[in-house]
Amino acid sequence: MGHGYGMTVLAKEKIYSAVSPYQKIEIYDTEKLGRMLLLDGIIQLAEADEFAYQEMMTHPAVMAHDNPEKVLVIGGGDGGVVRELCRYDSIREIDLCDIDKMVIEASRKYLPFMSSSLDDPRVNIHVMDGSKFIKEKKNYYDVIIIDSTDPGGPGEPLFGRNFYHDVSEALRNGGVVAAQSESPYLLPDVVKNLWRFAGEFFQYSGYAMIYVPSYPTGCIASGVYCNEHSVDKPRRSLPEEVKNKLRYYTEDMHHASMVLPAFVEKMRIS
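Quick look at the structure, then. These figures come from a predicted structure and were not determined experimentally.

### Observations regarding the overall build of the protein chain
Here is step 1: Check the secondary structure of the protein chain and you find ten helices and eleven strands.
Here is step 2: Here the protein chain has a C-alpha radius of gyration of 17 Å; the compact-globule value for 270 residues is 18 Å, and the two agree.
Here is step 3: Projected onto its principal axes, the C-alpha coordinates of the protein chain cover approximately 50 × 45 × 35 Å.
Here is step 4: Look at the contacts in the protein chain between residues 6 or more apart in sequence, and 68% of them connect residues 24 or more apart.

### Notes on the packing of aromatic side chains
Here is step 1: A full pass over the atoms with the stated rule returns eight aromatic pairs.
Here is step 2: With 5.8 Å between their ring centres and 75 degrees between their planes, Tyr53 and Tyr215 make a pair best called edge-to-face. Linking Tyr53 in helix α1 (residues 50-63) with Tyr215 in the loop between β10 (204-211) and β11 (219-226), this pair joins segments that are 162 residues apart in sequence. Taken individually, Tyr53 and Tyr215 each receive the classification buried, so the pair is uniform in this respect.
Here is step 3: Counting every residue linked through ring pairs, the aromatic cluster contains Phe163, Tyr164, Phe202 and Tyr225.
Here is step 4: Just above the ring of Tyr140 sits the side chain of Lys70; from NZ or CZ to the centre is 4.2 Å.
Here is step 5: The positively charged end of Lys137 is found above the aromatic ring belonging to Tyr140, 4.5 Å away from the centroid.

### Here's the deal with the sheet that holds strand β7 (residues 123-127)
Here is step 1: Reading across the sheet, the seven strands line up as β7-β6-β5-β8-β9-β11-β10 and stay open at both edges, with mixed pairing between neighbours. The open sheet has two edge strands, β7 and β10, and neither has a second partner. Each neighbouring strand pair of the sheet contributes to a mean axis angle of 15 degrees, computed without reference to strand direction.
Here is step 2: The sheet contact formed by strand β8 (residues 141-147) and strand β9 (residues 171-180) spans five bridges and is parallel. Residue Ile145 lies in a different strand from β9, and its bridge partner there is Ala178.
Here is step 3: Against the sheet, helix α7 (residues 188-201) touches β9, β10 and β11, its axis set at about 10 degrees to β11.

### Quick word on the pairing of strand β3 (residues 35-39)
Here is step 1: Burial analysis of β3 places four of its five residues in the buried class, the great majority of the element.
Here is step 2: Pairing between strand β2 (residues 24-30) and β3: five bridges, direction antiparallel. Across the sheet, residue Glu26 finds its bridge partner in β3, namely Leu38.
Here is step 3: The antiparallel hairpin formed by β2 and β3 contains four residues in its connecting segment, where Gly34 sits at a positive phi of about 70 degrees.
Here is step 4: Where β3 meets strand β4 (residues 42-46), four bridges bridge the pair, whose relative direction is antiparallel. Along β4, the bridge assignment pairs Leu38 with Ile43.
Here is step 5: A loop of two residues connects β3 with β4, the two strands running antiparallel in sequence, and Asp40 in this loop sits at a positive phi of about 50 degrees.

### Here's the deal with the sheet that holds β3
Where strands meet in a sheet, backbone hydrogen bonds hold them as pairs that are either parallel or antiparallel.
Here is step 1: Within the open sheet, the four strands sit side by side as β1-β2-β3-β4. Their pairing is antiparallel. Looking at strand neighbours, the two that pair on one side only are β1 (11-19) and β4, the edges of this open sheet. Within the sheet, the average angular offset between the axes of one strand and its neighbour, ignoring direction, is 20 degrees.
Here is step 2: Lying over the sheet, helix α3 (residues 101-110) contacts β1, β2 and β3, oriented at roughly 145 degrees with respect to β1.

### Focus: the pattern of salt bridges
Here is step 1: Taken as a whole, this structure holds 16 salt bridges when the rule is applied.
Here is step 2: Between Arg268 and Glu265 there is a salt bridge whose closest N-O contact spans 3.1 Å. With a gap of three residues between them, Arg268 and Glu265 both fall in helix α10 (residues 262-269), about one helical turn apart.
Here is step 3: Under the relative-accessibility criterion, Arg268 is labelled partly exposed at 23%.

### With respect to the packing of helix α6 (residues 161-170) against α7
Here is step 1: Two numbers describe how α6 lies on α7: the axes approach to 9 Å, and their chain directions differ by 35 degrees. Considering only the axes of α6 and α7, their crossing is right-handed. Along the contact surface, α6 presents Arg161, Tyr164, His165 and Ser168, while α7 presents Leu194, Phe197, Ala198, Glu200 and Phe201.
Here is step 2: For the contact of α6 with α7, a count of residues per class yields five nonpolar, two polar and two charged.

Rules behind the numbers
Residues numbered from 1 in each chain as written. Predicted model: local features only at pLDDT ≥ 70, side-chain atom pairs only at ≥ 80, totals over all residues. Heavy atoms only, no water. Helix = DSSP H or I, 4+ residues; strand = E, 2+ residues; numbered from the N terminus. Rg over C-alpha atoms; globule rule 2.2 N^0.38 Å. Contact = heavy atoms within 4.5 Å. Phe/Tyr/Trp six-rings, centres within 6.5 Å; stacked < 30°, edge-to-face > 60°. Buried < 20%, exposed > 50% of the residue type's maximum accessible area, 1.4 Å probe, protein only. Lys NZ or Arg CZ within 6 Å of the ring centre and 35° of its normal. Pairing = 2+ DSSP bridges. Axes fitted to C-alpha atoms, helices over the stretch in contact; angles between N-to-C directions. Salt bridge = Lys/Arg side-chain N within 4 Å of Asp/Glu carboxyl O. Left-handed = near helix turned anticlockwise from the far one by under 90°. Nonpolar A, V, L, I, M, F, W, Y, C, P; charged D, E, K, R; others polar.

These results come straight from atomic positions and should not be treated as a statement about function.
This is the structure in structure tokens:
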């Protein structure tokens, strides 16, 4: 149960349970959805459908950039976004900054389908608060992906105005941001706040809705932002070595995901 909303998943076995300095971490093997990671009782990923979220958090931002070479992932200690980034030969440096070392360790051991690329030589892992880490980086990254948990836990600082200011300062010219931006059904006030903060620092924005059955309400979204150009369509062709490995993202889906239902569009302009 989270934010007044819950769902039932039949578990076969609890594989891992621990309490870190920041949150309770649990991994289950389930009947229908494969392995599932929960933080403080809230589903973060399920093996059966995690590809939808990971691909749409990653590829719209990467493909909205002309040629990204340096990428920062804040959060995402499970390694899913890093896995997607490592599909691009053109990306030379990936910094992963997650506050909770125990999430990274548990994912390495019990979620290899997520964490398989954490040992890629391009990946640098930093265990610290992402809102502090980013203050040390000015005009450095081509793409920043904010793969945060929900507000209210250790991800709370990643939903504030000051953080979005620091993100804008950390981008190089033409840089693109993707940020976990919640469900418009479940947390509409959070969605509106994120749009407002992002609108102060970025001229162009998109809100990519993602359909993930294991998440509350069945959907979540990625906010995509840039100062120099629009983000609602890819700026280049998807490399063949990437295209052949994807299950959700396509160049058409990039644009289609940002064509919003009327009630969500009204939230954007309200």
